[in-house]
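Overview (structure and organization)
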Amino acid sequence: MAYSKILRRLREEKTNYKKRGTMLMGKRDFITVNITNENTQVQILKPGMTGDKVIASAHSRYLLEKGWKGSRKNVPAAYLTGYLAGKKALGQGAKDAILYTGTRKYTQRMAAALKGVIDAGLEVPADEETFPSEDRINGEHLTVKNEVSKMKSTIDTEVK
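Notes on the structure in this doc start here. All values reported here derive from a predicted model rather than from experimental measurement.

Attention now goes to helix α5 (residues 108-120). Between the first and last C-alpha of α5 there are 18 Å, a value that for 13 residues agrees with the 18 Å anticipated at 1.5 Å per step. Inspection of α5 places M110, A111, A112, A113, L114, K115, G116, V117 and A120 among the buried residues, and these make up the whole buried set. One or two positions beyond α5, positive phi appears at G121, with a value near 130 degrees.

Direction of pairing for strand β2 (residues 40-46) relative to strand β3 (residues 53-59): antiparallel, over a ladder of 6 bridges. Note that in β3 the partner of V42 across the bridge is A58. Counting the residues in the hairpin turn of β2 and β3 gives 6 residues, including G51, whose phi is positive at 150 degrees.

Time to look at the nonpolar core. Of all hydrophobic cores here, the largest spans 35 residues; its most connected members are I31, V42, I44, L63, L80, L122 and I155. Listed by contribution, the elements that provide at least two residues to this core are β1 (29-35), β2, β3, α3 (61-65), α4 (75-91), α5 and α7 (148-158). A per-element tally of this core places α4 first, with 9 residues.

It is worth spelling out the packing of aromatic side chains at this point. Applying the stated rule across the entire model yields 2 aromatic pairs. Ring centres of F30 and Y100 lie 5.8 Å apart, and the angle between their planes is 80 degrees; this geometry places the pair in the edge-to-face category. In this pair, F30 is assigned in strand β1 and Y100 in the loop between β4 (97-99) and α5, connecting sequence segments 70 residues apart. Taking the centre distance of 6.4 Å and the plane angle of 25 degrees together, the rings of Y79 and Y83 count as stacked. Taken together, the residues Y79 and Y83, both in helix α4 and 4 residues apart, mark about one turn of the helix. The class of Y79 is buried, set by a relative accessible area of 3%. On the basis of relative accessible area, Y83 is assigned to the buried category, the value being 4%. Above the plane of the ring of Y83 lies K152, whose end atom (NZ or CZ) is 5.0 Å from the centre.

Analysis parameters
Residues numbered from 1 in each chain as written. Predicted model: local features only at pLDDT ≥ 70, side-chain atom pairs only at ≥ 80, totals over all residues. Heavy atoms only, no water. Helix = DSSP H or I, 4+ residues; strand = E, 2+ residues; numbered from the N terminus. Expected span 1.5 Å × (residues − 1). Buried < 20%, exposed > 50% of the residue type's maximum accessible area, 1.4 Å probe, protein only. Pairing = 2+ DSSP bridges. Core = buried A, V, L, I, M, F, W, Y, C linked by side-chain atoms within 4.5 Å. Phe/Tyr/Trp six-rings, centres within 6.5 Å; stacked < 30°, edge-to-face > 60°. Lys NZ or Arg CZ within 6 Å of the ring centre and 35° of its normal.

So, in structure tokens, the structure goes:
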């Protein structure tokens, strides 16, 4: 009986190699959204033979510096983090990208981050029906209210 080595990242269920292989064949930039227990992180990466290169990255800690109150992992925070990453990527010359979820499920917070990237100006193939409603993106459902439009204008003035 022969021994078959199973890749470590496959064993730990961190990488879906079939999905990643088809994504790399397209040779397009890709977006990853990582939502942890406290924060949201959005990265736009360019695939390469030696490894992926980060074009732009945004973290929800940036929102704290601008006066954000409340959670940094809710739908409005994910939207603004995606918007910031999209603006940074446009400044680096990116024009289009695709969403890469890996082994994670597509959630409403991930959809909000994707909508933020699209609203920033990047072309991403996505269905409008999967995005959260405007009320949820503006945080109308939350007890701690923040002004999303004010934060967007701050991002627009600071990020070129």
